[in-house]
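# Structural overview
Each chain, written out:
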Amino acid sequence: MSIRLYSTLSRRLEELPDAPGPIRMYVCGSTVYQRIHVGNSRPFVLAMWLRRWLRSRGYEVTLVHNITDVDDKVYEEAAKLGKGSRELAEEATGWFVQDTDELGLGRPDVEPRASETIPEIVTFIEALIADGKAYASQGSVYFRVGSYADYGQLSGARLEDMVAQEPNPAKEDERDFALWKSQKAHEDAAWESPWGPGRPGWHIECSAMAEKHLGPEFEIHGGGLDLRFPHHENELAQSRSRGYPFARIWLHNGMLELGDEKMSKSLGNVVTLRNVLDTWGREVLLLYHLSGHWRKPVDFTDAALESARTQLAGFREALVMPVRAAGDWGAFEEALGDDFNTPAALALLHGWASNGARDELARGLDLFGIGTTFDVPAELEQLRVRRESARAGKDWASADAARDEIESAGWAVTDHPGGTAVWPRP
Ligand SMILES: [Zn+2]
């Protein structure tokens, strides 16, 4: 069975090579200066799921997910807080790792930081200058956009329509973008370079980190749709200008939409991943992500999260019931093989939950990192047994009392023809 993914670059479904591949993936990560927004969890979750699934299909997958710890936003936020920018970047990197760890999907294979890739970035820029693709000016270095004929290929941006990305008299052409930025007065940290002290531009960080960890050519590049232009267009221009094929398939996930009117009452105005994990729990968030196709925008509302919680409860209940049927695992693989269609896979999981195909249900949920077994505390297990025997003896008063005690502990009770099961309410 072939596996197809929609690529922004070719604007069609692209087939992956046969297993074991390899599949080398670079997915743009977060800029670390505060707790990440819940929207930043989508590319992370998608990348981790894709890796889990491809590995389950026999692929050798390497996932690189960078941490942008050198950026304007880091300097700005650090200045606001009155702390050093490197100190803030270090602290916020810790928050990022902590919060994404709690999604329970594992870690990417490599999580390079821009600050640890400066020598490779400088080498990359020097090669572009040597080839006439970039030029130094007033302590900074700019990419000569006009030198790259395919500019706009990824995003559809037309060179002649482009306005300056960052207006600046140091540029030969307004459309050129910075590869290296000279240190500004308010910036408290800088790195040495052949052009003087400064720091890399955001786009070159990713081109250099992708090359360092995956080589000049790799299978998949991912990130949010908001990165398609200018970030990914510029990455592609830089790397192709060095003669690298760079990424073959470009995945752009749709954005989470938090409209003003639909603003979450449960989460307030600061919709960080941390806040969502604390308020709703990781499995509700994962089910929420499953319900939308990765390429489409999805509304992020309390109603959507509430619906995910209801679905999670239904799955947990189905997982403690006896097996009554077998599920069509091939259909599940077919759904994911067709542009990683998680809403279609989710529909199959619901079908399996309702017809008692428990084994396939557990296998499918496990793939997405959703728990399928529950540790029942000893006292709840005693209550479960008490209810089961009370019901067998038609002692309804004792059976009800046991159920009430189980429920007051936050667990639910489900009676089935084989006995009584308990499961934790999400
Ligand atoms: Zn990037």
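The shown structure was predicted, so the numbers you read here are calculated from the model rather than taken from an experiment.

### Some thoughts on the environment of L349
- Residue placement: L349 occurs in helix α11 (residues 342-355).
- The class for L349 is buried, based on 28 C-beta atoms found within 10 Å.
- Distance from L349 to R363, taken between C-alpha atoms, is 9.7 Å for residues 14 residues apart in sequence.
- Not counting residues within four places of it along the chain, the set of residues in contact with L349 comprises F315, L361, G364 and L365.

### Quick word on the domain arrangement of the chain
- Assigned domains within the chain: domain 1 (4-253), domain 2 (273-367) and domain 3 (378-424).
- In this complex, domain 1 contributes 21 residues to the contact, which on the side of domain 2 involves 17 residues.
- Those elements giving two or more residues to the side of domain 1 that touches domain 2 turn out to be β1 (4-7) and α1 (41-56).
- When residues in the side of domain 1 that touches domain 2 are grouped by element, the largest group, 8 residues, is from α1.

### Notes on unusual backbone geometry
- In this model, A19 is joined to P20 through a cis peptide bond whose omega is 10 degrees.
- Turning to its location among the elements, P20 is positioned in the loop between β2 (12-15) and β3 (23-27).
- In the segment running from F229 into P230, the intervening peptide bond is cis, with an omega of 0 degrees.
- Along the polypeptide, P230 turns up in helix α6 (residues 228-241).

### As for the sheet that holds strand β7 (residues 177-182)
- Strands sit in the order β5-β6-β7-β8 across an open sheet of 4 strands; the sheet is antiparallel. Taken across any chain shown, the strands that pair with only one partner, and hence form the sheet edges, are β5 (134-137) and β8 (198-200). Strand-to-strand twist of the sheet, defined as the mean angle between neighbouring strand axes without regard to direction, takes the value 20 degrees.
- Bridge count between β7 and β8: 3 bridges; the pairing is antiparallel.

### Focus on the sheet that holds strand β10 (residues 246-253)
- Taken in spatial order, the 4 strands line up as β4-β3-β9-β10 in an open sheet, and their pairing is parallel. A single partner strand is all that each edge strand has here, and the edge strands are β4 (61-65) and β10. Each strand axis lies, on average, 20 degrees off the axis of its neighbour in the sheet, ignoring direction.
- Bridge count between β3 and strand β9 (residues 217-224): 3 bridges; the pairing is parallel. Residue pairing across strands places V27 opposite G222, the latter belonging to β9.
- The sheet contacts of α1 involve β3, β4, β9 and β10, and relative to β4 the element is tilted by about 170 degrees.
- Together, β9 and β10 form the strand contacts of α6, whose direction differs from that of β10 by roughly 175 degrees.

### Considerations on the pairing of β10
- With 7 of 8 residues buried, β10 lies mostly within the body of the structure.
- Pairing geometry for β9 and β10, over 7 bridges, is parallel. Bridge pairing in β10 places H221 opposite W250.
- Remark: the β9/α6/β10 crossover connection has right-handed handedness.

The rules behind each value
Residues numbered from 1 in each chain as written. Predicted model: local features only at pLDDT ≥ 70, side-chain atom pairs only at ≥ 80, totals over all residues. Helix = DSSP H or I, 4+ residues; strand = E, 2+ residues; numbered from the N terminus. Buried ≥ 20, exposed ≤ 12 C-beta atoms within 10 Å, placed from the backbone. Contact = placed C-beta atoms within 7 Å. Domains from an automatic or database assignment. Pairing = 2+ DSSP bridges. Axes fitted to C-alpha atoms, helices over the stretch in contact; angles between N-to-C directions. Right-handed = clockwise from strand over helix to strand, strands pointing away.

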